[in-house]
Amino acid sequence: MLKLILTGVWVCAVTLGSVYFSMQSASAPAVPDGEAARRASEQYVPGEMITIPVIREGSVQGYFLTKLSFSATKEGINNLRAPLRQMVTDELYDLLVGSKFIDVADTGTFDLPTFKTTVKDGLNKKLGDEVITEVLVEQLEYLTKDDVKRVANSQNVPRQKPVPIVDKNGNVASDRLPEGAVKASSTH
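Residues numbered from 1 in each chain as written. Predicted model: local features only at pLDDT ≥ 70, side-chain atom pairs only at ≥ 80, totals over all residues. Heavy atoms only, no water.

**Some details on the pattern of salt bridges**
Part 1 of the reasoning: Applying the stated rule across the entire model yields 2 salt bridges.
Part 2 of the reasoning: Across the pair Asp90 and Lys126 runs a salt bridge whose closest N-O atoms are separated by 2.3 Å. Of this pair, Asp90 sits in helix α4 (residues 84-96) while Lys126 sits in helix α5 (residues 112-127); the two residues are 36 residues apart in sequence, bridging distant segments of the chain.
Part 3 of the reasoning: Residue classification places Asp90 among the partly exposed residues on the basis of a relative accessible area of 37%.
Part 4 of the reasoning: On the accessibility criterion, Lys126 (28% relative accessible area) is partly exposed.
Part 5 of the reasoning: For Asp94, the salt bridge identified is with Lys126, shortest N-O distance 3.7 Å. (Salt bridge = Lys/Arg side-chain N within 4 Å of Asp/Glu carboxyl O. Helix = DSSP H or I, 4+ residues; strand = E, 2+ residues; numbered from the N terminus. Buried < 20%, exposed > 50% of the residue type's maximum accessible area, 1.4 Å probe, protein only.)

**Observations regarding the nonpolar core**
Part 1 of the reasoning: Ranked by internal contacts, the top residues of the largest apolar core, which has 29 residues, are Leu68, Phe70, Leu84, Phe115, Val119 and Ile132.
Part 2 of the reasoning: If you list the elements that add at least two residues to this core, you get β2 (49-56), β3 (59-73), α4, α5 and β4 (132-144).
Part 3 of the reasoning: For this core, the element with the highest residue contribution is α4, accounting for 6 residues.
Part 4 of the reasoning: The contact partners of Phe70, leaving out residues within four places of it in the chain, are Gln43, Tyr44, Val45, Val88, Val119, Leu123, Ile132, Glu134 and Val135. (Core = buried A, V, L, I, M, F, W, Y, C linked by side-chain atoms within 4.5 Å. Contact = heavy atoms within 4.5 Å.)

**Section: the packing of aromatic side chains**
Part 1 of the reasoning: A complete count under the given rule lists 1 aromatic pair for this structure.
Part 2 of the reasoning: With centroids separated by 5.4 Å and ring planes inclined at 75°, the aromatic side chains of Tyr20 and Phe21 adopt a geometry described as edge-to-face.
Part 3 of the reasoning: A residue is classified by how much of its surface remains accessible, and Phe21, at 59% relative accessible area, is exposed. (Phe/Tyr/Trp six-rings, centres within 6.5 Å; stacked < 30°, edge-to-face > 60°.)

**Description of the side chain of Glu42**
Part 1 of the reasoning: Assignment of secondary structure puts Glu42 in strand β1 (residues 42-45).
Part 2 of the reasoning: Residue classification places Glu42 among the buried residues on the basis of a relative accessible area of 8%.
Part 3 of the reasoning: Of note is the side chain of Glu42, whose polar atom sits 2.8 Å from the side chain of Ser71.
Part 4 of the reasoning: A distance of 3.1 Å separates the side chain of Glu42 from the side chain of Thr133, its partner in a polar contact.
Part 5 of the reasoning: The contact partners of Glu42, leaving out residues within four places of it in the chain, are Ser71, Ala72, Thr73, Lys74 and Thr133. (Polar contact = N/O pair within 3.5 Å; in protein donor to acceptor, adjacent residues only side chain to side chain.)

**Quick word on the environment of Gly122**
Part 1 of the reasoning: Mapped onto the secondary structure, Gly122 falls in helix α5.
Part 2 of the reasoning: Gly122 sits 31 residues away from Glu91 along the chain, and the two C-alpha atoms are 7.5 Å apart.
Part 3 of the reasoning: Apart from the residues within four sequence positions on either side, Gly122 is in contact with Glu91 and Leu95.

**Some details on a nonpolar patch on the surface**
Part 1 of the reasoning: Taken together, the side chains of Met1, Leu4, Ile5 and Val9 present a nonpolar region at the surface, about 480 Å² in accessible area.
Part 2 of the reasoning: Within the secondary structure, Val9 is located in helix α1 (residues 2-25). (Patch = residues over 30% accessible without salt bridge, like charges linked within 9 Å, V, L, I, M, F, W, Y side chains within 5 Å. Areas by Shrake-Rupley, 256 points an atom, 1.4 Å probe, with all protein chains shown as cover.)

**Regarding the confidence of the model for the protein chain**
Part 1 of the reasoning: Residues with a pLDDT of 70 or more make up 73% of the protein chain, whose mean pLDDT is 77.
Part 2 of the reasoning: Of all the helices and strands in the protein chain, helix α7 (residues 179-186) carries the lowest mean pLDDT, 52, while α1 carries the highest, 87.
Part 3 of the reasoning: The low-confidence segment residues 184-188, where pLDDT is below 50, has 3 contacts with residues more than four positions distant or belonging to other chains. (pLDDT = per-residue confidence, 0-100.)

**Here's the deal with the environment of Ser71**
Part 1 of the reasoning: Take Ser71: it is sitting in strand β3.
Part 2 of the reasoning: Remark: the alpha-carbon pair of Ser71 and Thr133, spanning 62 residues in sequence, is separated by 5.5 Å.
Part 3 of the reasoning: When sequence neighbours within four positions are dropped, the list of residues in contact with Ser71 reads Glu42, Gln43, Tyr44, Val131, Ile132, Thr133 and Glu134.

**Observations concerning the side chain of Glu141**
Part 1 of the reasoning: With respect to the helices and strands, Glu141 occurs in strand β4.
Part 2 of the reasoning: For Glu141, a relative accessible area of 18% corresponds to the buried category.
Part 3 of the reasoning: A polar contact is formed between the side chain of Glu141 and the side chain of Gln139, at a distance of 2.8 Å.

What follows is the structure in structure tokens.
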């Protein structure tokens, strides 16, 4: 009987110890005060899915499907003369239609960090201030003109998936919004 009681106490002690250590290791990492203040002054703005034509030699060769989201300063958003989403969509067309950012024939030259920086700088230039602090690429894919035509004609041909764009470092453009930002932005 004494062995049974000691075994039960030992099992409880091991269980409590493992729970204690797992809770200690699962605690959130400490965020520096400067980083916390920066995050508090920013707001995540989910982007819209847009389709940008790839124009070469005077004709449309295919389409980029892209969804970019942004981290922007709250003060900058409040000072805008038009809604941020519409201004972003307009600027993305200005930046990307006919540009050589992404060469579909040679995707090995695509550089995702440079693409993000160029989009951010172009948007901030159009907005007239440092409003956009970060660009998040949620989706960046390419559809050929033939794929679009086949889908539009409802042909009974198996549909090919869009081709994800991979940069020269092997990174796929698929940033995710922080979980808290998705919930916060869906209420606005």
